[in-house]
Amino acid sequence: MIRVEGLGKRYRIGGEPTLRALLRSPRAALQHETIWALRDVSFIVQPGEIVGVIGRNGAGKSTLLRLLGRITAPTEGRAVLHGRAAALLEVGTGFHPDLTGRENVYLNGAILGMSRREIERKFEAIVAFAGVARFIDTPVKRYSSGMQVRLAFAVAAHLEPEILLIDEVLAVGDAAFQQKSLGRMGEAARAGRTILFVSHDMSAIAQLCSRAILLEGGHLAADGPADSVIGAYLGQTESVHIDEGVVAAQPQDAPIRIEAVAITPEAVGTGDPLTVRIHYRAAEPLAAPGFVVTLHDTLGVEVVRLSTLPISGFHIERIEGAGHIDLHIDSLPLTGGLYTLSLAVTRPRVDTLVALDRVATLRIAARDLYGSGVLLTRSRGVVPVAHRWSLHPSD
Ligand SMILES: Nc1ncnc2c1ncn2[C@@H]1O[C@H](COP(=O)(O)OP(=O)(O)O)[C@@H](O)[C@H]1O
Ligand SMILES: [Mg+2]
């Protein structure tokens, strides 16, 4: 469905040369500095494959998707797509800001080669999925970024392109919408569509993709089963990975912000102690704030939920300015595998003040907890249980 051969993209960087640089060495100053955002990348994607694309910031993930989506042309090599592609590359891609939601749905459908009748048939489902019914006749430029992403995803997912290219845009949506979108992508793949999906959320990649591609400094560093490529990315020692992008994406005007999250130790296994430290800064005095930490497994099931109030009965009178709160877990009761950690700050009877969904990925090392030589991975259930067997024959 997709064939990528020796694909490379070189960008010019740096602005105009300074006068001083020109006087000192005119030739060097006029030569633009360039960087290879992507180089020597080759792979083939079969119909119906969902491929996760992972790598650190600046690794070349978005460049790869832009080249596949024909947003930009390669410097060398080529990418051949055997099907209609829909690309969801950044917030607002494919939308005309002055047109209404309704008009944009029709415009996008037409671009994807659908007839008016076909779009009409799917229109209700698209609007319902995106949850923007009240605003469907409002120009898209008035939409929040979350609404734009929800509508763009709904259009791309319902208009049935043969190839879906999805960059990290879904991170803008809330946890419920992300989960719904993952489900929709799974359905699309089962219906034979091909998907390339960039995400920092390793549990989403593990949940959805059988295969993953790891980019490092523009090069293809690994291509294979999702679990082993994720393992290669997170490294053998670094089993706790904080997604700084999620921390950075908090609204600036919130009454409280999470300035940093630290999880220790960096390598954690079943039954180990764990500390989650949340550094906060409250712009105004906050009475009775609540802190919530949850863990999800790769199927999206919330397996642990801990909160100061009401769950632990740990009452915080008030906080003001900066500080940190620690959550100590004596013994992590989860079998080996990938889990994601989310956290939130709430106020009683008000709502969530700030939520960092999937801010960290934990790769919990499997342990031989039962002393049988069997490592307890997720396939042995989620919860290890201290237990004994005894046999009592009656004859
Ligand atoms: N339009 C551009 N001009 C110059 N450099 C760019 C441009 N787009 C991306 N880059 C550079 O190319 C590299 C790869 O970027 P990108 O594909 O956005 O990475 P990722 O999506 O993995 O974070 C980075 O070093 C980035 O700074
Ligand atoms: Mg990117």
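Not measured: the values here are computed from a predicted model. Throughout, residues of each chain are indexed from 1 in the direction in which the sequence is written. For this description, chains carry letters from A and ligands carry numbers from 1, given in the order in which they are written. Whole-chain, interface and lining totals are the exception, using all residues; otherwise, since this is a predicted model, local features are given only for residues with pLDDT of at least 70 and side-chain atom pairs are given and counted only at 80 or more. The side-chain quantities take in all heavy atoms of the structure and omit both hydrogens and water.

Engineer: How should the overall build of the protein chain be read in this particular structure?
Structural biologist: When you go through the protein chain residue by residue, the secondary structure sums to eleven helices and 17 strands. Dimensions along the principal axes, computed over C-alpha positions, put the protein chain at roughly 80 × 65 × 60 Å. Burial classes: relative accessible area under 20% of the type maximum marks a residue as buried, over 50% as exposed, and values in between as partly exposed (1.4 Å probe, protein chains only). For the protein chain, the residues scored as buried account for 46% of the 395 residues in total. Here, two residues are considered to be in contact whenever any of their heavy atoms come within 4.5 Å of each other. Taking the contacts inside the protein chain whose residues are at least 6 apart along the sequence as the reference set, 70% of them involve residues at least 24 apart. Methods summary: accessible areas were calculated by the Shrake-Rupley approach with a probe of 1.4 Å, and residue burial reflects only the protein chains presented. Accessible surface for the protein chain amounts to roughly 19900 Å². Of this, 52% is attributable to carbon and sulfur atoms. When charges are counted, Lys and Arg contribute as positive and Asp and Glu as negative, whereas His and the chain ends are disregarded. In this description, the location of a charge corresponds to atom NZ of lysine, CZ of arginine, CG of aspartate or CD of glutamate. If you average the places of the 41 positive and of the 41 negative side-chain charges in the protein chain, the two averages end up 5 Å apart. Note on conventions: DSSP H or I runs of at least 4 residues are helices, E runs of at least 2 residues are strands, and numbering of each starts at the N terminus.

Engineer: Would you mind going over the packing of aromatic side chains with me for this structure?
Structural biologist: When we look at a pair of aromatic rings, we describe it by the centre distance and by the angle of the planes. Within 6.5 Å between ring centres, the rings of Phe, Tyr and Trp (the latter by its six-membered ring) count as paired, and their orientation is classed by plane angle as stacked under 30 degrees, edge-to-face over 60, tilted in between. Under the criterion given, the structure shown has five aromatic pairs. Relative to Phe-177, the ring of Phe-153 lies with its centre 6.1 Å away and its plane at 85 degrees, an arrangement referred to as edge-to-face. Of this pair, Phe-153 sits in helix 6 (residues 145-158) while Phe-177 sits in helix 7 (residues 175-190), placing them 24 residues apart in sequence. Just as Phe-153 is buried, Phe-177 falls in that class too. Across the ring face of Tyr-106, the terminal group of Arg-116 is positioned such that the distance to the ring centre comes to 4.5 Å. Over a ring means this: the NZ of a Lys or the CZ of an Arg is within 6 Å of the ring centre and within 35 degrees of the ring normal. If you follow Lys-180 out to its NZ or CZ, it ends over the ring of Phe-129, 4.6 Å from the centre.

Engineer: What am I meant to see in the site of ligand 1 here?
Structural biologist: The near set for a molecule or strand comprises every residue that places at least one heavy atom within 4 Å of it. Taken together, 14 residues lie near ligand 1, and Gly-58, Gly-60, Lys-61, Ser-62 and Thr-63 sit nearest. One nitrogen or oxygen atom from the side chain of Lys-61 is found 2.8 Å from an oxygen atom belonging to ligand 1. Within the side chain of Thr-63, an N or O atom sits 2.5 Å from an oxygen atom of ligand 1. In isolation ligand 1 has 560 Å² of accessible area, and contact with the protein removes 66% of it. Put simply, the parts of the chain that give the shell around ligand 1 at least two residues each are strand 1 (2-13), strand 2 (33-45) and helix 3 (61-68). Residues that form the shell around ligand 1 fall into these classes: five nonpolar, five polar and four charged. Here a polar contact is recorded for every N or O atom pair within 3.5 Å, except that within protein the pair must consist of a potential hydrogen donor and a potential acceptor, and residues adjacent in sequence are included only if both atoms are side-chain atoms. Each residue receives one of three labels: charged for Asp, Glu, Lys and Arg, nonpolar for Ala, Val, Leu, Ile, Met, Phe, Trp, Tyr, Cys and Pro, and polar for the others, Gly being one of them.

Engineer: Would you take a moment to explain the domain arrangement of the protein chain for this structure?
Structural biologist: Many descriptions give the size of an interface as the accessible area lost when the pieces come together. A domain assignment, automatic or from a database, supplies the domain bounds used here. Under the domain assignment, the protein chain is made up of domain 1 (2-234) and domain 2 (240-380). A C-alpha centroid distance of 29 Å is found between domain 1 and domain 2. Between domain 1 and domain 2, the contact holds 15 residues from the first and eleven residues from the second. A quick way to say it: buried area is the sum, across both parts, of accessible area lost when two parts are put together, with a 1.4 Å probe. Per-residue buried area on domain 1 facing domain 2 is highest for His-200, Ser-203 and Leu-234; these three make up 38% of the total on that side. A side-chain nitrogen of Lys or Arg and a carboxyl oxygen of Asp or Glu constitute a salt bridge if their distance falls within 4 Å. Remark: the boundary between domain 1 and domain 2 carries zero salt bridges. There are zero residue pairs in polar contact (both at pLDDT 80 or more) connecting domain 1 and domain 2.

Engineer: Hey, could you run me through the nonpolar core in this one?
Structural biologist: One broad rule of soluble globular proteins: the nonpolar side chains tend to lie buried together. By convention a nonpolar core is built from buried Ala, Val, Leu, Ile, Met, Phe, Trp, Tyr and Cys residues, the set being connected through side-chain atoms within 4.5 Å. Residues Leu-151, Phe-153, Ile-166, Leu-170, Met-185 and Phe-197 are the most contacted members of the largest nonpolar core, which totals 55 residues. Sort the elements by how many residues they give to this core and helix 6 lands first, with nine residues. Leaving out residues up to four positions away in the same chain, Leu-170 has contacts with Val-149, Phe-153, Phe-177, Gln-178, Ser-181, Met-185 and Phe-197. One finds Ile-278, Tyr-339, Ala-360 and Leu-362 within the second-largest nonpolar core, a separate group that totals 37 residues.

Engineer: I would appreciate a short explanation of the packing of helix 6 against helix 7 in the present structure.
Structural biologist: Two quantities define a packed helix pair, namely the angle between the axes and the distance from one axis to the other. Here an angle of 0 to 180 degrees is reported between the N-to-C directions of two axes, which are lines fitted to C-alpha atoms, with helices fitted over the stretch in contact. Where helix 6 meets helix 7, the closest approach of the two axes is 11 Å, and the angle between their N-to-C directions is 15 degrees. With respect to their mutual orientation, helix 6 and helix 7 come out roughly parallel. Taken as a pair, helix 6 and helix 7 cross one another with a handedness that is left-handed. For the pair helix 6 and helix 7, contact is made by Arg-150, Phe-153, Ala-157 and His-158 and by Phe-177, Ser-181, Arg-184 and Met-185, respectively. Any angle between 65 and 115 degrees counts as roughly perpendicular, while under 35 counts as roughly parallel, over 145 as roughly antiparallel, and the rest as oblique. Less than a right angle of anticlockwise turn of the near helix away from the far helix marks a crossing as left-handed, whereas a clockwise turn marks it as right-handed.

Engineer: Which parts of the structure should I look at to understand the pattern of salt bridges?
Structural biologist: Side chains bearing opposite charge may pair, as long as their charged atoms lie close to each other. Within this structure, the stated rule accounts for 15 salt bridges. Across the salt bridge formed by Asp-137 and Arg-102, the nearest N and O atoms sit 2.8 Å from each other. Here Asp-137 is found in the loop between helix 5 (116-130) and helix 6, whereas its partner Arg-102 is found in helix 4 (residues 101-111), with 35 residues between them in sequence. Residue classification places Asp-137 among the partly exposed positions, given a relative accessible area of 48%. Arg-277 is the salt-bridge partner of Asp-326, the closest N and O atoms lying 2.7 Å from each other. You can see Asp-326 sitting in strand 15 (residues 318-329) and its partner Arg-277 sitting in strand 12 (residues 274-287), a full 49 residues away along the chain.

Engineer: Explain the sheet that holds strand 12 to me, please; I cannot follow it from the model alone.
Structural biologist: Strand pairing in a sheet relies on backbone hydrogen bonds. The paired strands run either parallel or antiparallel. The rule for pairing is simple: two strands pair if DSSP sees at least two bridges between them. Taken in spatial order, the three strands line up as 11-12-15 in an open sheet, and their pairing is antiparallel. Pairing within the sheet leaves two strands with one partner each, and these edge strands are strand 11 (256-264) and strand 15. For this sheet, the mean inter-axis angle between neighbouring strands, taken without regard to orientation, is 15 degrees.

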